[in-house]
Amino acid sequence: MAAPVPPGAPRPGSNAQQTTPPNFNPNYQPNPNSLADNTQNLNLNRPLSMPNSGPRPFPFGQQRPFPQSAGFPVASQPMARPGLLPAMLGRPAVPPTGPPQSALPANAPPGRPFGPPVSQASPFGSRPPPASLSSTGGSVPPSTALPSSDVPGVGVAPPPPTGARPGPFVSSSPFTSAPGGPLSNGPSAIGSGALPSAARFPPASVSQPPPTMMSARAPAQAPTMHSVLGSSAATSQPAPPMPSASPFSAVPQARPPPPGSLYGPQTWPVQPQQGAQPPVIPGSAQAQPPRMFGMPHQLPNQAMTTIPPAMGQPGAPLSGPSKIDPNQIPRPIPSSSPTVYETRQGNSANPPPPATSDYIVRDTGNCSPRYMRCTINQIPCTADLLTTSAMQLSLLVQPLALPHPSEEPTQVVDFGESGPVRCSRCKGYINPSMKFIDQGRKFICNLCGFTDDTPRDYHCNLGPDGRRRDADERPELCRGTVEFVATKEYMVRDPMPALYFFLIDVSMNAVQTGATAAACSAINQVISDLPEGPQTLVGIATFDSTIHFYNLKRALQQPLMLIVPDIQDVYTPLQTDVIVQLSECRQHLELLLESIPTMFQSSKTAESCFGAAVKAAFLAMKSTGGKLLVFQSVLPSAGIGALSSREAEGRTNISAGEKEAHKLLQPADKILKTMAIEIAEYQVCVDVFITSQTYVDIASISVIPRTTGGQVYYYYPFSAVSDSAKLYNDLRWNITRPQGFEAVMRVRCSQGIQVQDYSGNFCKRIPTDIDLPGIDCDKCILVTLKHDDKLQDGSECAFQCALLYTTVYGQRRIRVTNLSLPCTNMLSNLFRSADLDTQFACFLKQAAIEIPTSPLVQVREQVTNLCINILLSYRKFCATVSSSGQLILPEALKLLPLYNLALIKSTGLWNDGRIDDRSFWINSVSSLSTPLAVPLVYPRMFATHNLDSKEGDESVLPPTIPLSSEHVSDDGIYFLENGEDALIYFGSSVDSSILQQLFGFASVDEVPTQFVMQQYDNPLSKKFNDVVNVIRRQRCSYLRYD
């Protein structure tokens, strides 16, 4: 039976005299001007009737991230239609004392959260020196064809002769040879104040073509390059004639843009002996060349990039140097300004801009590519054509993705008690691609082709163009993304309240490392960011070898501890008093969070009953559902789901570890998986914050968040000095980002295509739907598609994602996302319309799926062959006749080999590394969004030592630097980031004055292993801190320095 023990009183069996450890400062007051304090609370569907629902000013008087300037569209006034979705509004960390004042135009929704980092770190102890970072690249195995592919493999070319430059896609890393080495750094600390407004989204990785150079048979010319966005062409100086073949030769683009394209005409130069006529567009009346599986045998005007063979190889030129100019190797080229993108023009779909670029969407019938992207923007008509291309047909769906601040908010439509109009056969929702006939009395479903009667109260006559006269006035008929108010038939029960339950590890290791105090401090600061209103419920519990609940009723003078000693058959004491309304228990909750580190400071209990604590907290939340946020510091060693140190066992048995190392990436048993399925069934979403300095078996622990739609946060080795700020910012963004509860999602396709599988963080009980106890703006779902029939050339294939969810304010909504793409019978059109970022994101996610079940060598070989087979198919069926030793790349996928090599060298696929690091990488990739897929393996690098030279440049971020040693100098300082972690590289000959201005050190030798980055009183330091904060805003992540 639970024994009541008041907080602060000695626990049974513990020493009554408790002393404060040296790493805890009870008087520590966090700086309110941290990054998260300036992070906007983007509340999804906040009712206008709720308190503090009006526009709020940006903290610290900062401007919008995107100024409304010429060329930028401004969100227009909402149309006169039922139910406008409220803009996602910012909210300061502390409730304002006066009426909210808007700092923005009424029609412009705020953007992504931003703000400066904390300027005072929490003094909870010191961080041990991290292990040395080794840059070990995985070797590429011999290429073999995948069993699932009908395309034969490609033989590996012989090595280049002695003295030749390495291959064009292999670059030496500058981070292992310089004496400076990598730096372990703490959080940035700058003073409060307004930061310059800057782009919220990452710069574009627009795959612009390299300079066009003629082949060896043609006279040398000055290369020219035109921007795909319609900018002026850049012409380089004429190069001296060379006796050998040029490294690259580009063939003109095969498809002109549609009339009125925003990107302007694609003016690629034409090679000699090649026709300048544009290719035949599917559906046109021009004659088509003979083709196999609908593929042209030779397309002389197909866009491609070729790399000649090295000297001495078959097919190589007879004379000339064998080196390849590294400056002409395809690399990502960021864009300088946002691009305006209309989803449809002239009754046809526009190909989307790159996912990593900065663009503003105008929804004209198709959804924004932020919400749903396809790997190929023209759908192959047959399965044979798709197999021949060797590409994947998949969707990446991110239904609650953050919009650009200049975009219109998603419209909400309320059909009343009748509910939204749907197809009676496939249950598809009304959308812009459904065709009305018989004067509007009937409509044809674009998904299944069934003809339905139009409801009498929804009838409207058709105009001369065949569209309904009110189509432009109804969001569901003119917008690709819309949100319907759900009726009672979509509810099994009343919408659940917003419940947040905090579960904190108070074992001896957690207390001594400062993890417990850091967690309590972070929770205490984010209480003010929880949704306001009577439906917001909270609860809190702690655990070591036992579980401690707390009675937070207002009637009590102080919170009351309730101990549950049985960790094999757990239960919840006083369920009604453990979870209470936030408005009633706020004082008790704040007092308790301040007392917990002191209560357990002399604890000698080293065990942790993670599984039992999660089960007990779930029992308390079972009747309502909600979010369970767990702070774990050590390996769970007691109670339900107790684990052992499998990593140490793998090191002991080396022979077995080499043969079955991948099994350490699988859950140890099925206990936690079974419990996770039960938790998901009752709509509880679990997020785990791992603040550890040792092995904790993330492979087993992560089963619970992955099954319940949650997320794993990993801080290793945890240091309360440098990681407390990131822990707080991660927790605050987790709570305040747009999100929903008790969600169900289904993707419907047109006839001829069907969903094969889903991949991501969810629970699936039936084949067609996935259950998401929690869904937020950062979660992405991979939907794999397959053919079940032939499609008609020239028609359109439609995809519709329907997400039924509950907002944080208890409103039941249906978010419908529509995408309609043309079908084609030509293989060249598939390569021309391939989406590089989405294709690579599929590579990344499929590799993460295979790593726990296959040896790393085999996974690397599969990833390599995926890339090889695509290039082989393009060369065999679409490219012009060329030397057998040349590498020919399709224009749309010319960066795929570069990203593929980066993936092979990533944390998930390299040979060396900790088991927990690889497990965390797998979990991160499973729900990773498309814009963050490329930076994860191919990070951005900036030079920070010459920021003063950027005078008059509007952009805060300096230009990115290619990741090769040729671009790194010994007298430079470089900043590398991948969206989650950051690294600062010091050259061995850095100018002491620059080092003093940026970091306060006179030489590289004085740089300690760990320090807190501060802003000094000089322009260079200010610019560097501005750069870091812009990147943090773009990534919605507080970068951790490793």
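What you are looking at is a predicted structure, and each value in this text was computed from that prediction instead of being measured. (Residues numbered from 1 in each chain as written. Predicted model: local features only at pLDDT ≥ 70, side-chain atom pairs only at ≥ 80, totals over all residues. Heavy atoms only, no water.)

1. Some words on the overall build of the chain
The helix and strand tally for the chain stands at 21 helices and 38 strands. Each of the 1042 residues in the chain was classed as buried or not, and the buried ones make up 59%. Expressed as a percentage of contacts within the chain between residues at least 6 apart in sequence, the contacts between residues at least 24 apart total 77%. For the chain, the exposed surface amounts to about 40,100 Å²; the carbon and sulfur share of it is 53%. (Helix = DSSP H or I, 4+ residues; strand = E, 2+ residues; numbered from the N terminus. Buried < 20%, exposed > 50% of the residue type's maximum accessible area, 1.4 Å probe, protein only. Contact = heavy atoms within 4.5 Å. Areas by Shrake-Rupley, 256 points an atom, 1.4 Å probe, with all protein chains shown as cover.)

2. Points about the nonpolar core
Core analysis: the largest hydrophobic core is formed by 142 residues, its most contacted members being Ile379, Leu395, Ile547, Leu628, Met745 and Phe799. Ignoring sequence-local partners within four residues, the contact set of Ile379 consists of Cys374, Leu393, Ile753, Leu791, Cys797, Phe799, Leu821, Pro822, Cys823, Thr824 and Leu830. The next biggest cluster of nonpolar side chains, apart from the first, holds 45 residues, and it includes Phe502, Val506, Ile523 and Tyr715. (Core = buried A, V, L, I, M, F, W, Y, C linked by side-chain atoms within 4.5 Å.)

3. Some remarks on the sheet that holds strand S16 (residues 435-437)
With antiparallel pairing, the 3 strands of this open sheet are ordered in space as S16-S17-S18. In this open sheet, the two strands that pair with only one neighbour each are S16 and strand S18 (451-453). Along the sheet, successive strands turn relative to each other by an average axial angle of 30°, direction set aside. (Pairing = 2+ DSSP bridges. Axes fitted to C-alpha atoms, helices over the stretch in contact; angles between N-to-C directions.)

4. Describing the environment of Phe631
Relative to the assigned elements, Phe631 resides in strand S25 (residues 626-632). Judged by its relative accessible area of 2%, Phe631 is buried. Put simply, Phe631 and Ser692 are 61 residues apart on the chain and 9.9 Å apart in space, counted from C-alpha to C-alpha. Once you skip the residues sitting within four places of it in the chain, Phe631 turns out to touch Phe502, Leu503, Ile504, Asp505, Ala519, Ile523, Phe543, Phe689, Leu727 and Leu731.

5. Side note on the environment of Pro897
Along the chain, the position of Pro897 falls in helix H17 (residues 896-904). For the pair Pro897 and Thr864, spaced 33 residues apart in the sequence, the C-alpha separation amounts to 8.6 Å.

6. A closer look at the packing of helix H16 (residues 856-877) against H17
Here H16 crosses H17 at 175°, and the two axes come no closer than 10 Å. Classified by the angle between their axes, H16 and H17 sit roughly antiparallel to one another. Mapping the contact onto sequence places Arg860, Val863, Thr864, Cys867, Ile870 and Leu871 in H16 and Leu896, Pro897, Asn900, Leu903 and Ile904 in H17. Along the lines of polarity and charge, the residues of the contact of H16 with H17 split into 8 nonpolar, 2 polar and 1 charged. (Parallel < 35°, antiparallel > 145°, perpendicular 65-115°, else oblique. Nonpolar A, V, L, I, M, F, W, Y, C, P; charged D, E, K, R; others polar.)

7. Thoughts on the pattern of salt bridges
Overall, the coordinates contain 34 salt bridges when judged by the stated rule. Two residues, Asp453 and Lys442, come together in a salt bridge whose shortest N-O distance is 2.7 Å. Residue Asp453 is located in strand S18, and its partner Lys442 is located in strand S17 (residues 442-444); the two are separated by 11 residues in the primary sequence. On the basis of relative accessible area, Lys442 is assigned to the partly exposed category, the value being 29%. (Salt bridge = Lys/Arg side-chain N within 4 Å of Asp/Glu carboxyl O.)

8. Observations concerning unusual backbone geometry
The amide bond that connects Tyr716 to the next residue, Pro717, takes the cis arrangement and shows omega of -15°. Note on placement: Pro717 falls in the loop between strand S27 (712-715) and helix H13 (720-736). Phi at Glu742 is positive, roughly 35°, even though this residue is not glycine. Here Glu742 is to be found in strand S28 (residues 739-749). Look at Glu742 and you get buried, because its relative accessible area is 8%.

9. Overview of the side chain of Asp505
Examined against the element boundaries, Asp505 turns out to sit in strand S20 (residues 499-505). Among the residues examined, Asp505 registers a relative accessible area of 2% and is labelled buried.

10. Concerning the pairing of strand S36 (residues 973-977)
Across a regular strand the side chains alternate sides, sitting on one face of the sheet and then on the other. The element S36 is largely enclosed, with a buried count of 5 among its 5 residues. On S36, burial covers both faces: Ile973, Phe975 and Glu977 on one face and Tyr974 and Leu976 on the other are all buried. The pairing of strand S35 (residues 940-943) with S36 spans 4 bridges and is antiparallel. Across the sheet, residue Arg940 finds its bridge partner in S36, namely Glu977. Of the pairings in the sheet, the one linking S36 to strand S37 (residues 981-986) comprises 5 bridges and is antiparallel in character.

11. A short note on the sheet that holds strand S38 (residues 1040-1041)
Strand order in the open sheet formed by 4 strands is S35-S36-S37-S38, and the pairing between neighbours is mixed. In the strand order of this sheet, the two ends are held by S35 and S38, each with one partner. The sheet contact formed by S37 and S38 spans 2 bridges and is parallel. Paired with Ala982 across the strands is Tyr1041, a residue of S38. Contacts between helix H20 (residues 992-999) and the sheet are confined to S36 and S37, with S36 contributing the most and set at about 45° to the helix.

12. What about helix H7 (residues 610-621)?
Taking 1.5 Å per residue as the helical rise, H7 with its 12 residues ought to reach 16 Å, and the 17 Å between its terminal C-alpha atoms agrees with that figure. Burial analysis of H7 places 10 of its 12 residues in the buried class, which makes it a mostly covered element. Residues of H7 that are buried include every one of Phe610, Gly611, Ala612, Ala613, Val614, Ala616, Ala617, Phe618, Ala620 and Met621, and no others. (Expected span 1.5 Å × (residues − 1).)

13. Some words on the state of the cysteines
This model, assessed by the stated rule, comprises 0 disulfides. The thiol of Cys448 is unpaired, and the distance to the nearest cysteine sulfur, on Cys423, comes to 3.5 Å. With a relative accessible area of 8%, Cys448 lands in the buried category. The cysteine Cys749 is free of any disulfide, with Cys797 supplying the nearest cysteine sulfur at 6.6 Å. (Disulfide = S-S within 2.5 Å.)

14. Details of the packing of aromatic side chains
Tallied over the entire structure, the rule returns 17 aromatic pairs. Relative to Tyr716, the ring of Tyr714 has its centre 6.0 Å away and its plane inclined at 10°; by these criteria the two rings are stacked. In this structure Tyr714 comes out as buried when scored by relative accessible area, which is 9%. Residue class for Tyr716 comes out partly exposed when judged on its relative accessible area of 26%. With a centroid separation of 5.6 Å and 55° between ring planes, the pair formed by Phe840 and Tyr899 is classed as tilted. (Phe/Tyr/Trp six-rings, centres within 6.5 Å; stacked < 30°, edge-to-face > 60°.)

15. What to know about helix H18 (residues 915-926)
Taking 1.5 Å per residue as the helical rise, H18 with its 12 residues ought to reach 16 Å, and the 17 Å between its terminal C-alpha atoms agrees with that figure. Of all 12 residues in H18, 10 are buried; the element is thus mostly enclosed. Among all positions of H18, only Ile915, Asp916, Arg918, Ser919, Phe920, Trp921, Ile922, Asn923, Val925 and Ser926 are buried.

16. A word on the confidence of the model for the chain
With 67% of its residues at a pLDDT of at least 70, the chain reaches an overall mean of 76. Contacts from residues 10-301, a stretch scored under 50 in pLDDT, to residues over four places away or in other chains number 726 contacts. Counted against residues more than four places away or in other chains, residues 652-657, with its pLDDT under 50, gives 2 contacts. (pLDDT = per-residue confidence, 0-100.)

17. Looking at the packing of helix H4 (residues 515-526) against H13
Packing of H4 against H13 brings their axes to within 9 Å, and their N-to-C directions diverge by 40°. Classified by the angle their axes make, H4 and H13 are oblique. As for the relative orientation of H4 and H13, their crossing is right-handed in sense. Across the interface between the two elements, Ala518, Ala519, Ala522, Ile523, Gln525 and Val526 from H4 touch Ser724, Leu727, Tyr728, Leu731, Arg732 and Ile735 from H13. (Left-handed = near helix turned anticlockwise from the far one by under 90°.)

18. Focus: the side chain of Lys726
Inspection of the secondary structure assignment puts Lys726 in helix H13. Using a relative accessible area of 2% as the deciding quantity, one classes Lys726 as buried.

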